[in-house]
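Topology and contacts: notes
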Amino acid sequence: MAGRDEATAAIARLLRDGGALVVTGEPGSGRSSLLRWAAARAFPAVWVPGYADEIRVQRLLAREAALYVVDDADLLDPSSWQLIKRFARRVAGFPVGLIAAALPGSAPGFAGGLPVLPLGPLDDHAAQTLLLRVSPDIADFVAAGLIRRSGGNPSALTASARALSLPQRRGLAPLPPGLPPDSVLGQRLRAALAALPPATRSSLLRLSIDDRALPASTGLEPAEAAGLVTISPSGDVRFVPPVLREVIYQDAPSSARREAHGTLARALDGLPALIHRAAATAGPDQALSRDLGAAAAGAAPAQAAVAFRYAAALADDPAEPLLSAARSFWLAGRPDEVVPLVQRVSAHPRARGLIAEIGLRSDPLPARDALLDVAAELIPVDTPGALSALLLAGEACCRAGDPGRYAALVSRLEIVDPSPGPALAHRQVLGLAALLRGQHDESFEHFRAVLALAPRVDDPALLVAAAMAGIMVGQDRRGASLAARAASLAFAAGAHALVPAALEVVAYAELAGGRYDAATTAALDGAAAARRSGRLDLADSLLALLGVLAGLVGDRPTGERRCREATARHTEARDLTGWAYALLDLVEGRPSSAAERLAAIVAAPPGRGSAVLRVAVIPHLVEAAGAAWTLDPAIAMFDCWAGRTGEAPWLAIRARCRALRADGVAADDHFREALRRHDAGFARAHTELLYGRHLRRRRRHLEARTHLRQAVETFHRLDADPWAAQAARELRAAGERASAPVPVTSGPPLTAQQERIAGLVAGGATNREVAQQLQLSPRTVDHHLRNVFARLGVRSRTELARILYE
């Protein structure tokens with residue numbers, strides 16, 4: 001069951017060992033599905049319905065079975081629950097299981113003494129997995145919209161997905177609001193709402209529109225008693241399940257919705273008041289449309305999108321506000337709202353450009369062609385628009401590995417605005433055009449000019465481009481810094497779609513610099529941000545990149561798990577998982593398999609595969625295949641690129657690659673050059689290992705052992721134990737006696753980040769609390785904590801606290 005690994009593991013233990021378990025969860029959370037899953041694995045199973053009375057419960061429990069299943073247990077009367085608890089105590093220690101399902105909050109009242117397993121909402125990855133099982137052909141951005149609307153509720157997600165038409169699955173028509181009328185969850189929620197007093201339903205309608213609608217205590221007690229809302233001590237109201245908010249709004253009569261919006265318009269001011277005024281207006285209103293557009297221009301994308309959409313509904317000519325609404329929805333991380341809007345102005349170049357931008361990762365060749373068409377159309381009349389299209393088209397060309405007519409169009413561009421932003425964008429497209437033409441010296445000149453302009457630019461999208469320029473010229477630290485600044489600015493502005501793109505560049509820059517922990521943190525945070533902003537294709541790429549990072553240190557379990565998590569529906573994710581598995585082959589002594597995987601990436605035909613990735617994998621391909629590999633142009637391309645950077649780390653890797661393809665004195669010279677240029681760290685240890693192996697194979701054992709000891713030391717310190725094991729095997733083959741322990745450099749057992757996380761966890765903080773305090777995602781904290789446990793040899797938080805504080 002997607003996203004319910006903890007629950008299924010607990011039930012499996014119960015079926016194996018016996019015992020009792022109460023599963024709690026909101027309506028639609030999958031409680032009954034879990035019970036059916038359990039009953040299908042136990043024979044015989046006896047079902048006890050929640051509406052049964054005490055006598056019937058007693059009769060059912062008297063039957064002989066391996067599993068007793070109690071659904072809707074919160075509906076049982078107290079005496080029936082006493083029978084069930086006595087039964088659970090009586091069968092304790094026997095291979096007999098009892099599992100019950102109930103609403104949250106009800107278990108403490110009747111299940112005292114029995115273990116309780118709460119079912120939370122599915123996380124975004126589990127929700128995507130479930131959704132693809134129900135609707136395999138659904139577009140990524142449509143899937144993201146359903147996941148957001150469902151709030152992680154499995155029943156809401158599957159019911160909505162099954163009700164979609166083909167145009168809706170493709171994103172060509174708006175998603176249906178609320179829940180389908182025939183869904184079990186929808187019927188249950190609507191019946192519960194119908195039983196509420198009219199005043200409570202009116203309050204819920206206003207709250208469904210705006211959380212600021214009224215104090216939490218205003219007439220909501222019946223809804224809280226019915227389990228439809230929860231109210232926190234601070235007064236915050238939460239709909240249970242979250243999709244109930246949309247059900248309430250969409251099911252209300254249009255007159256009631258307009259009245260509620262009118263009430264809110266009078267109670268609020270500024271842009272929120274204008275939005276509610278627009279929602280309460282039945283016909284066109286050009287003046288209100290203009291006021292909305294003016295106020296939305298300075299708002300965060302999420303609020304601006306709603307305002308522009310209302311402005312379009314009220315305007316005589318809706319084209320401009322529709323385009324602004326679509327762009328704002330994209331930036332706000334709601335891509336499912338975009339396509340239905342731009343379909344209404346599909347001939348406009350900005351509309352075509354936005355559609356291409358959304359599909360750029362999943363299908364870069366059509367996106368490239370569409371963006372180049374848009375640029376060609378805009379060059380004579382809208383230079384800034386043409387420049388934006390060319391920036392995106394350049395990215396599409398690099399991702400597709402095919403330049404098309406990019407350079408020809410860039411040559412037609414004339415920039416007269418000397419301010420830093422346009423100047424940076426112009427230099428960037430000139431650099432990309434030169435790179436795609438093979439004029440590498442010219443491209444480096446333009447990219448370095450981009451880096452010089454970047455400190456005077458605050459546009460997150462341009463800073464991401466500048467960060468990529470930094471990576472292109474080998475300045476990985478500069479690239480990481482610029483991309484991190486872009487992520488911070490985008491987050492502060494509410495441009496959520498740009499945050500994961502910026503974090504992806506941070507991850508690549510840190511990877512390029514050999515700072516794998518920092519790259520992993522950025523990729524974890526980026527994957528989580530990508531899911532939150534509806535960019536599932538980017539999330540898949542980042543998960544696959546995490547597989548690469550695990551493969552670099554030889555961590556097969558993590559690498560395989562990350563590659564499985566990436567759905568590999570897109571070329572980039574597939575190529576990254578291929579790289580990850582090649583790295584694992586390499587560390588485990590299967591160079592021919594690694595070479596085959598990597599050669600498939602490098603030799604992919606134009607239009608399939610990232611041009612950047614083709615260069616990035618070459619050092620590992622050279623290591624796997626050595627002088628036997630025949631695609632010399634690709635090696636020459638990497639050699640020339642590394643030389644142009646003038647950066648010591650890349651010159652070191654270039655020297656290592658030359659050494660692996662040379663012999664005799666030339667190989668020695670190249671290896672020594674590499675070691676002179678390397679800083680301390682993983683890359684140096686890798687070169688020490690390869691040089692040590694080279695010397696050992698030439699029977700220069702004494703020299704070999706010096707380098708191999710250094711490699712073992714460093715790999716151990718960096719938690720790259722599989723690489724350390726490989727270096728240790730080479731060391732023994734070079735004559736190191738098995739009884740002599742390999743020295744390990746003394747130092748802190750944990751990184752600084754790991755130490756902070758370990759200290760907070762040992763002090764009693766939850767992963768979520770640690771994440772909030774350190775401004776990380778819970779997934780990042782979980783990743784670091786697993787490494788802490790492995791490094792210290794502990795299996796629980798209690799053991800961790802004992803090690804740190806005793």
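Residues numbered from 1 in each chain as written. Predicted model: local features only at pLDDT ≥ 70, side-chain atom pairs only at ≥ 80, totals over all residues. Heavy atoms only, no water.

Next up on the list: the overall build of the protein. Helix and strand counts for the protein come out as 45 helices and 7 strands. Relative to the compact-globule value of 28 Å for 806 residues, the protein shows a C-alpha radius of gyration of 30 Å, a close match. For the protein, the spread of C-alpha atoms along the principal axes amounts to about 90 × 75 × 45 Å. The buried share of the protein, taken over its 806 residues, is 54%. Contacts in the protein between residues far apart in sequence, at least 24 positions, make up 62% of those at least 6 positions apart. When the accessible surface of the protein is totalled, it reaches about 34300 Å², and 54% of it is carbon and sulfur. (Helix = DSSP H or I, 4+ residues; strand = E, 2+ residues; numbered from the N terminus. Rg over C-alpha atoms; globule rule 2.2 N^0.38 Å. Buried < 20%, exposed > 50% of the residue type's maximum accessible area, 1.4 Å probe, protein only. Contact = heavy atoms within 4.5 Å. Areas by Shrake-Rupley, 256 points an atom, 1.4 Å probe, with all protein chains shown as cover.)

Within helix 7 (residues 140-150), 9 of the 11 residues are buried, leaving the element largely enclosed by the surrounding structure. Burial in helix 7 covers these residues: Asp 140, Phe 141, Val 142, Ala 143, Ala 144, Gly 145, Leu 146, Ile 147 and Ser 150. Those residues of helix 7 that are buried are in contact with helix 6 (124-134), helix 8 (154-162), helix 9 (166-170), helix 19 (338-342), helix 20 (349-358) and helix 30 (536-552). Within two residues after helix 7, Gly 151 carries a phi angle of roughly 65°, on the positive side.

The next point concerns the pairing of strand 1 (residues 19-24). Burial runs high along strand 1: 5 of the 6 residues are buried. By the bridge criterion, 6 bridges tie strand 1 to strand 4 (residues 97-102) in an arrangement that is parallel. Within the sheet, the bridge partner assigned to Leu 21 lies in strand 4 and is Ile 99. In the sheet, strand 1 pairs with strand 5 (residues 116-118) via 3 bridges, with the strands oriented parallel. Looking across to strand 5, one finds that Val 23 is bridged to Leu 117. (Pairing = 2+ DSSP bridges.)

This paragraph deals with the pattern of salt bridges. Under the definition given, this model contains 49 salt bridges. The salt bridge partner of Arg 169 is Asp 137, with a shortest N-O separation of 3.1 Å. Placement of Arg 169 in helix 9 and of Asp 137 in the loop between helix 6 and helix 7 is noted, with a sequence separation of 32 residues between them. For Arg 169, a relative accessible area of 19% gives the class buried. Between Arg 515 and Glu 510 there is a salt bridge, with the nearest N and O atoms lying 2.4 Å from each other. Taken as a pair, Arg 515 and Glu 510 share a single burial class, namely buried. Overlapping salt bridges, with partners in common, bring together Arg 148, Arg 149, Glu 246, Arg 309, Arg 334, Asp 336 and Glu 337 in one network. (Salt bridge = Lys/Arg side-chain N within 4 Å of Asp/Glu carboxyl O.)

Our focus in this paragraph is the side chain of Arg 656. Within the fold, Arg 656 resides in helix 37 (residues 648-660). No salt bridge is formed by the buried Arg 656, whose closest oppositely charged neighbour, Glu 623, lies at an N-O distance of 4.8 Å. Among residues more than four places away in sequence, those in contact with Arg 656 are Phe 671, Ala 674, His 678, Ala 683, His 686, Thr 687 and Leu 690. (Lys, Arg positive; Asp, Glu negative; His and termini not counted.)

Now for the packing of aromatic side chains. Considering all chains together, one arrives at 9 aromatic pairs under this definition. Ring centres of Phe 671 and Tyr 691 lie 4.8 Å apart, and the angle between their planes is 20°; this geometry places the pair in the stacked category. With Phe 671 in helix 38 (residues 664-677) and Tyr 691 in helix 39 (residues 682-697), this residue pair connects regions lying 20 residues apart in the sequence. This pair shows no difference in class: Phe 671 is buried, exactly as Tyr 691 is. Where Phe 682 meets Trp 723, the ring centres are 6.5 Å apart and the plane angle is 85°; that geometry is what we call edge-to-face. Placement of Phe 682 in helix 39 and of Trp 723 in helix 41 (residues 721-733) is noted, with a sequence separation of 41 residues between them. Trp 723 matches Phe 682 in its accessibility class, with the two residues each being buried. Across the ring face of Tyr 249, the terminal group of Arg 257 is positioned such that the distance to the ring centre comes to 5.1 Å. (Phe/Tyr/Trp six-rings, centres within 6.5 Å; stacked < 30°, edge-to-face > 60°. Lys NZ or Arg CZ within 6 Å of the ring centre and 35° of its normal.)

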